[in-house]
Amino acid sequence: MKKDFIAVLETAVQRLGVTEIPPIEVEVPPQENFGDLSTPVAMALARVLRKPPRHVAETIAGFIADEPIFDRVDVAGPGFINVAFAGEYLVSEFKKIAESGSAFLRSNIGQGRRVQVEFVSANPTGPLHLGHGRGGATGNALANLLTAAGYHVEREYYINDAGRQIRLLGQSVFARYQRLLGIEYGFPDEGYRGQYVEDIARDMIAEFDGTYVQKAFDEVADFFIDYSYKKILSSIRDDLRDFGISFDSWQSEREMFDCGEVGRAIEDLRAKGFIYEKEDATWFRASAFGDDKDRVIIKKDGEYTYFTSDIAYHRKKIEKNYDEIIDIWGADHHGYIPRIQAVIQALGYPKEKLKILLVQMVTLLRGGKPVQMSKRAGEFVTLREVMEEVGADTTKFIFLTRRPDSHLEFDLEVAKAQSAENPVFYVQYAHARITSIFSHAREKGIERDALAHADVRLLSHHDELRIMKKLLTYPMVFEGAVKTHEPHRITFYVQELSGMFHQYYNKCRIVTEERGPTLARLALCEGVRTVLRDGLEILGITAPERM
RNA sequence: GCGCCUGUAGCUCAGUCGGAUAGAGCAACUGCCUUCUAAGCAGUGGGUCAGGGGUUCGAAUCCCUUCAGGCGCGCCA
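Residues numbered from 1 in each chain as written. Chains lettered and ligands numbered in written order. Predicted model: local features only at pLDDT ≥ 70, side-chain atom pairs only at ≥ 80, totals over all residues. Heavy atoms only, no water.

Asker: I tried to follow the overall build of chain A on my own but got confused; where do I start?
Answerer: Check the secondary structure of chain A and you find 21 helices and 14 strands. Looking at chain A residue by residue over its 547 residues, the buried ones come to 53%. (Helix = DSSP H or I, 4+ residues; strand = E, 2+ residues; numbered from the N terminus. Buried < 20%, exposed > 50% of the residue type's maximum accessible area, 1.4 Å probe, protein only.)

Have a look at this one:
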């Protein structure tokens, strides 16, 4: 629909004698009675042509008014050109959806380009909380969206299984283990105090009894660390699976060390002249690329920092030659951006090579009161608890009805109270209703195959044309969502389409005694179902057959 | 102190890189189930787009500033 409009506009603009045709923008006007599509192109050209916008608009409108695909061409407001499409054109376009389904709806923007999306990447030192859920829902939807757009997407989870935090976890479990076996043992100052730490210690006792009692931590450190983080990692995987999120690749930080990636990265940067020694430490010259200061990569004590392995990790990403690399981070890490971009540039790439998408914080409330979310103190509500309380689909939907950069207040009470009234059900209900209509039709002797013979020209009701037009704008919404990396646009679209369908359903009966019109209406329903399914699939939300 | 994000209806949020009379859902109120699912539909009310300047044909959107909230500014991860 959009393509045809633009093509017509382009020839019209050429007739104006404009040498350089500006990119022509097309949008759905804010009010339905303005028409089906609208363009502000005349206003853009007014400046170049030095003529009043309305005058330019009138001229263009005159050029295109006779096109058979239009029913009406108007000039409105300050100089918009609004068009209403002819019924026949709409029907022929709609047929393409009926015939080729999603293929017609999704433009192949990616063309097989390879993109990596890294998201969640929570430290395996404790269970996933709600913030990870938001990152997960967003990253998953974005990856789905890009896949649908013809990109070849790899989803990666980076596991921080090395370093101080993971050691602290092992130590915390060790302390609990000793205590549970009746040994007085001091708990590490900044240790992890969550209940899950004690649970892991109990698991160890169940498995190994008192084998490690009264040993020094250093003697059994590796064992305790490995046992603990692997246990947590596996429950993280379970949480993600139940939340409906999967990954293609799990990149271990440890492996970066073991395979020598970290060493190679440092040597690479050193060869390029961005590494120096100062005050017994080794530094990366981040300030050469706009960061506030240089950063330590090898500490005085000889240990690497977290940043060091991250340098190696991002170097590895770049070497894999993706066309696009996307990291999804919690907004609390935003201060880290200049540093990592400095790395990208030091390696000889433009900083745009890596796109970092920040997902804002989630504050969890219960009845209007903030719930403390301190991991160290062990006081927090996990993603799993929320999932179990309000449901995975609802939780995801709440995340996906917001822009990633807006702060989110997630009130458990409200989410629960609203779970019966949640908009996600509104959309799912529309889908289930259509399925139900089809099973009713089958009882009346109308099989799915019969749809192929449906004469969609019989659809002339205002609501039917309205739905058809809405379906035909899906590719525009889809394209916009892909280009801006904003899956939430799909969420809003899918709600609007569901609204139109529910209205239509209440106004018109689909299955009647007249076979011809019944088939046509069923074909329309099938179109709605195709698009709803497509949208929900991108969002990672189930499309139930019945509710 | 510096930096990033946010401020739109009572509440939760959209607003398509400057466009038309600023939109949804929830909550409130009034109606609609002998016919394909009432998790639905029809209708009513609700706004100083945080405040103030500026840029121009035109601003919720861009610039400056004030206020409010969140988050960062480690040889932690």
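There is more to say, and it comes next.
Asker: Help me understand the packing of helix α8 (residues 195–208) against helix α9 (residues 217–243), please; the structure alone is not making it clear to me.
Answerer: Contact geometry of α8 with α9 gives a least axis separation of 11 Å together with a crossing angle of 115 degrees. Remark: the crossing between α8 and α9 carries right-handed chirality. Residue-level contacts link Tyr196, Ile200, Asp203, Met204, Glu207 and Phe208 of α8 to Phe223, Phe224, Tyr227, Ser228, Lys231 and Ile232 of α9. For the contact of α8 with α9, the residue count by class is eight nonpolar, one polar and three charged. (Axes fitted to C-alpha atoms, helices over the stretch in contact; angles between N-to-C directions. Left-handed = near helix turned anticlockwise from the far one by under 90°. Contact = heavy atoms within 4.5 Å. Nonpolar A, V, L, I, M, F, W, Y, C, P; charged D, E, K, R; others polar.)

Asker: For this particular structure, what's the right way to read the sheet that holds strand β13 (residues 369–370)?
Answerer: For sheets, the rule is that strands pair by backbone hydrogen bonds, running either parallel or antiparallel. If you walk across this open sheet you meet the three strands as β13-β12-β14, and the pairing is mixed. At either end of the open sheet lies a strand with only one pairing partner, and these are β13 and β14 (408–411). The pairing of strand β12 (residues 362–366) with β13 spans two bridges and is antiparallel. Directly across from Arg366, in β13, lies its bridge partner Lys369. (Pairing = 2+ DSSP bridges.)

Asker: Is there a simple way to explain the environment of Arg254 in this structure?
Answerer: Following the sequence through the fold, Arg254 ends up in helix α10 (residues 253–258). For Arg254, a relative accessible area of 24% gives the class partly exposed. Along the backbone, Arg254 and Gly136 are 118 residues apart, and their C-alpha atoms lie at a distance of 23 Å. The residues touching Arg254, leaving out its near neighbours within four places in the chain, are Asp161, Ala162, Ile225, Asp226 and Tyr229.

Asker: Would you mind showing me how to read the sheet that holds strand β10 (residues 324–330) here?
Answerer: The strand order across the open sheet built from five strands is β6-β5-β4-β10-β11, with neighbouring strands paired in parallel fashion. The outermost strands of the open sheet, each flanked by one partner alone, are β6 (249–252) and β11 (354–359). Across this sheet, the average inter-strand angle for adjacent strands is 25 degrees, counted without regard to direction. Two strands pair when backbone bridges link them, and strand β4 (residues 114–118) and strand β5 (residues 152–159) are joined in this way by five bridges, in the parallel orientation. Across the sheet, the residue bridging to Val117 is Arg155, located in β5. Against the sheet, helix α6 (residues 130–148) engages β4, β5, β10 and β11, with an angle of about 155 degrees to β5.

Asker: What is the right way to read α9 from this model?
Answerer: An α-helical turn contains 3.6 residues, so any two residues separated by three or four positions project in the same direction. With 27 residues, α9 should reach 39 Å at 1.5 Å per residue; the first-to-last C-alpha distance of 36 Å fits that figure. Looking one or two places after α9, you find Gly244, whose phi comes out positive at around 85 degrees. (Expected span 1.5 Å × (residues − 1).)

Asker: Explain the domain arrangement of chain A here, please?
Answerer: How big an interface is tends to be reported as the loss of accessible area on association of its parts. One can read the domain layout of chain A as domain 1 (2–85), domain 2 (114–162 + 244–273 + 304–359), domain 3 (167–233), domain 4 (362–415) and domain 5 (423–539). Look at where the C-alpha atoms of domain 2 and domain 4 centre, and you get two points 25 Å apart. If you look at the interface, domain 2 gives 18 residues, while domain 4 gives 20 residues. Contact with domain 4 buries area across many residues of domain 2, yet His129, Leu130 and Arg134 alone supply 49% of it, more than any other trio. The tally of links from domain 2 across to domain 4 stands at four residue pairs in polar contact (both at pLDDT 80 or more). Among the secondary structure elements, those contributing two or more residues to the side of domain 2 that touches domain 4 are α6 and β11. Among the residues making up the side of domain 2 that touches domain 4, the classes are represented as eight nonpolar, nine polar and one charged. (Domains from an automatic or database assignment. Buried area = accessible area lost by both parts, 1.4 Å probe. Polar contact = N/O pair within 3.5 Å; in protein donor to acceptor, adjacent residues only side chain to side chain.)

Asker: I tried to follow helix α14 (residues 383–390) on my own but got confused; where do I start?
Answerer: Turning to α14, its buried residues are Leu383, Val386, Met387 and Val390. The arc that holds the buried residues of α14, viewed along the axis, is 100 degrees, so those residues lie on one side. (Arc of directions from axis to C-beta.)

Asker: It is not clear to me how the pattern of salt bridges should be interpreted in this structure. Could you clarify?
Answerer: Pairs can form between side chains of opposite charge whenever their charged atoms are close. According to the stated counting rule, one finds 34 salt bridges in the structure shown. Residue Arg315 is joined to Glu319 by a salt bridge in which the shortest nitrogen-to-oxygen separation is 3.4 Å. Here the residue Arg315 and the residue Glu319 both occupy positions in helix α12 (residues 306–319), the gap between them amounting to four residues, near one helical turn. Residue classification places Arg315 among the buried residues on the basis of a relative accessible area of 10%. Between Glu526 and Arg448 there is a salt bridge whose closest N-O contact spans 3.2 Å. In this pair, Glu526 sits in helix α21 (residues 515–539) while Arg448 sits in the loop between α17 (423–443) and α18 (462–472), placing the two residues 78 residues apart along the sequence. (Salt bridge = Lys/Arg side-chain N within 4 Å of Asp/Glu carboxyl O.)

Asker: Explanation requested: unusual backbone geometry in the structure shown.
Answerer: With the exception of glycine, most residues fall at negative phi, and the peptide bonds are largely trans. For Gln111, which is not glycine, the phi torsion reads 50 degrees and is therefore positive. Within the secondary structure, Gln111 sits in the loop between α5 (102–105) and β4. Notably, Gln214 is not glycine yet its phi reads approximately 60 degrees, a positive angle. Locating Gln214 in the fold gives a position in the loop between α8 and α9.

Asker: I'm lost on the packing of helix α2 (residues 41–49) against helix α3 (residues 53–64) in this one. Help?
Answerer: Between two packed helices, what matters for the description is the angle formed by their axes and the separation of those axes. One way to put it is that α2 packs onto α3 with a least axis distance of 8 Å and a crossing angle of 115 degrees. Between α2 and α3 lies a crossing of right-handed hand. Contact residues: α2 offers Val41, Ala42, Met43, Leu45, Ala46 and Leu49, while α3 offers Pro53, Val56, Ala57 and Ile60. Split by residue class, the contact of α2 with α3 holds 10 nonpolar, no polar and no charged.

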